[in-house]
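# Analysis of the macromolecular model
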Amino acid sequence: MDANGKLTDTTVLVVDDEPASRYTLGTVLRRAGHQVVAVADGRQALSELDVRLRKGTLPDVALIDVGLPDMSGFELCRRLKERPHLAGLPVVHFSTLRVAPEDRCPGLDMGAEAYLTVPAEPDELEAAVRAAVRAARLRADDQALVRRLKLLSETIVTIQSARSLHELATAAADGAARLLGCPAAVFVLDQDDELYRGLSRERTSLALPDEDAHREVAGLLRRLARGQSGVRITTVPAPLWPTGFFRPGVQHDARLTLVLTQDGKVPVCLATPTRGQRRVDPENEALLAQLAQATALAAEPLLMYQVERHVALTLQHSFLPRPHQLPDLPGVDIAVRYEPASQETEIGGDFYAALRVRDGVLTAVGDVVGHSLDAATVMVELRHALRAYCLTESDPAALAERLDQVLQHYHAEVTATVCLALIDPVTGRTRIANAGHIPPLILGEDGSAEYVKAAGPLLGVGLPHPPPTELVLEPTDRLLMVTDGLIETRGTDLAVSMEHLRAAAGGALPGVEALCDTLLACFGRDREDDVALLALSLAHQRAEPGAQLAAKSTQLS
C-alpha cells in the first residue's frame, strides 16, 4: 500500500480474448503498481490458477471479460467459486457492451464483486480492483479470526478437562501452536516452584531440554515476576532463553506471555519463538493472553489438588507401616505392598494391617469408599480403631461389627470394605470375616488358587455380620488379600478381573514376596485407584495332623 492508501502489492489476473484490450488493461494496472498476469480464455485461466495454486502464488483478483470464446465470464466465475481453494478469489467482470442492470445479475449471483463497462477511466478501473481486493481480504481476515477463535475455544475446553498439570501444559502448548502455526511451550509453576512443562506435539522427542534448562527457565520466570501482576508479555533474547524448547538444538528469541498473581507468582508461562520479528501482531497477543489466562484458571484447582494429594499421601505413608516396620509376627512370613493411584487420580482410602493378638496373628486389608483427603482420614481412624479393639477382641466378625459402629456413629455418610483374617500360626486355623471386600485367595503348592467363601455387608450400613468362615492353612499354602484397586478396570466386570487375578496368582513363583511382586507387575502399574495387598504363609511345619483334620471346616470356592 502506498502513501495514498492505494494497493500496490497485488497481482491481477486479466482474462480477455482481445489482445488489444489485454494490453490496455495491463498497462493501466501496471502503472497503478500492480503485477499483471494475462490469459486469453477460460481454460487458460483455470490452468494458470491450478499452477499458481500449487506454487502458493494465487493472484489477488481476477478481471474477467464476460464474452470469452470458450465459456462466458459468468461460467468461469461459477467454476472458480465451486473450488474450495479458489472460492475466495475476488472477481470483477467487464464488457465492452453496455447491458441492462438485470443482465449483470448472473455474475453477481455467481459471487462476483463488481461489473465494469470498458473502456473505463483508469481511476474507475483501479477503484474497482482495489475495492474487490480489500473486500476479499476483510472476508479472509474475518474467516481466519473465526477459525482461530474456534481453535481457542476448543483448546480451552481441552485444558479445562486436563487431569494433571503436565496434561494441561501439553494441551495449552498444542493450542498455542495451532493458533500461531509455530512451535510453543507452556510452563506451570507450583507452590514449590517445581516446573511442569508441555511442548506442542509436532516437537520431536529427540534432544529434549535437560534439567539445567528447566532450572534456567524457572529462575527467569521468578525474576520476571518480581513486583508484577496480571498478564505480562515480554521478549527474552536467545542468549537468555535456553536452547531446544522449540526445536532441537536451535536457539530462538522467546516471546513470553505470563500470568502473574498478586503475590508475585508465575503459575503459567506461554512461550513461542519470535523468529527474529520484533513487531508482534496485537491480535495474536490478545489470543495468547486469553489462552494463558484460561490455562492459569484451569491450573488453580489442579495445583490445589496437588497439595491435597501430597497431604493425603503423607498421611497414608505415615500410618501404613513399611515392610521393615511391621511388628514381629512369630510363626508367619508376611509381605505387604502399597501403591498410590497414578498422578491423574485422587488418593483413596486403601489400608492394610498385620497385628499380633492373643490368639495369633490378625491381618486386614480394607478400602474406604471415595477418593479424597477425607477418605484417607477415615482410613486412618478405622486402622487405629482396629488396633485398639484387637487388644481385647480378636474374633474377626466381632471386630467387623465394631468397625461398622465406628462409621455409623462418626461418619454416617461413609462406607468401607474390609477383610479380616485371624491365623493361629501353630495349628494353621484361620477365621475370616469379609465386609463387602474381595475374598482372600488360598494358593496351594500345586498351583491351585481358590477364593475363600466369605462374604458380608459393607461397613457403615448397619447390617449384621455373619460368623467368620473357618479353614486350616497348610504349611505350603499362601493367603493373599488385596484391594480392588489392583484389578478393577473401568468397563470390565469385576468377576472377570477376579478370575484374571486368580490365574496370575496361581502362576506366581514360590514365596510371599515373589507373589506380591508378580501381581504388581501384572496389574499394579498406573492404576486409577490405590493398591494394597498382603500375602502370608506359615513359617514352619506343624505337627499333630489329627488336630489339623479336626479343625478343618473349610469352604473354598
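Above this text you will find the structure in question.
Summarised in this report is the structure supplied together with it. Note that the structure is predicted; figures quoted are calculated from it, not measured.

## Quick notes on the overall build of the chain
When its secondary structure is counted, the chain shows 13 helices and 20 strands. Across the 557 residues of the chain, 51% fall into the buried class. Partitioning the intrachain contacts of the chain with sequence separation of at least 6 by distance along the chain shows that 68% fall at a separation of at least 24.

## Quick look at the sheet that holds strand β19 (residues 478-482)
Read across the open sheet, the five strands follow the order β11-β20-β19-β16-β17; overall the sheet is antiparallel. Here the strands that pair on one side only, and so sit at the sheet edges, are β11 (332-339) and β17 (449-451). Each strand axis lies, on average, 20° off the axis of its neighbour in the sheet, ignoring direction. As paired strands, strand β16 (residues 441-443) and β19 are joined by three bridges and run antiparallel to one another.

## Some details on the packing of helix α11 (residues 494-506) against helix α12 (residues 512-523)
α12 packs onto α11 with a crossing angle of 135° between their chain directions and a minimal axis gap of 9 Å. Taken as axis vectors, α11 and α12 run oblique relative to one another. Between α11 and α12 lies a crossing of right-handed hand. Residues His500, Leu501, Ala504 and Ala505 of α11 form the contact with α12, whose participating residues are Leu515, Thr518, Leu519, Cys522 and Phe523. Of the residues that constitute the contact of α11 with α12, the class distribution is seven nonpolar, two polar and no charged.

## Notes on unusual backbone geometry
Here the residue pair valine 118 and proline 119 is connected by a cis peptide bond, since its omega of 0° sits within 30 degrees of zero. Its place among the elements puts proline 119 in the loop between β5 (114-117) and α5 (122-160).

Conventions used here
Per chain, the residues get numbers from 1 upward, laid out in the order the sequence is written. The model is predicted, so local features are restricted to residues of pLDDT at least 70 and side-chain atom pairs to those at 80 or more, both for listing and for counting; the totals for chains, interfaces and linings are taken over all residues. To obtain the side-chain values, all non-hydrogen atoms of the structure were included, while hydrogens and water were left out. Only DSSP runs of H or I covering at least 4 residues are called helices, and only runs of E covering at least 2 are called strands; the numbering of each starts at the N terminus. Relative accessible area decides the class of each residue, using a 1.4 Å probe on protein chains only: under 20% of the type maximum gives buried, over 50% gives exposed, and in between gives partly exposed. Any pair of residues with heavy atoms lying within 4.5 Å of one another is described as a contacting pair. DSSP-based pairing: two strands are paired if at least 2 bridges between them are found. Axes here refer to lines fitted to C-alpha atoms; in helices the fit is confined to the stretch in contact. Angles between the N-to-C directions go from 0 to 180 degrees. When describing relative orientation, an angle under 35 degrees is termed roughly parallel and one over 145 degrees roughly antiparallel, while 65 to 115 degrees is termed roughly perpendicular and anything else oblique. Crossings are assigned a handedness: left-handed for a near helix turned anticlockwise from the far helix by less than a right angle, right-handed for a clockwise turn. Residues are grouped as follows: Ala, Val, Leu, Ile, Met, Phe, Trp, Tyr, Cys and Pro are nonpolar; Asp, Glu, Lys and Arg are charged; all remaining types, including Gly, are polar.

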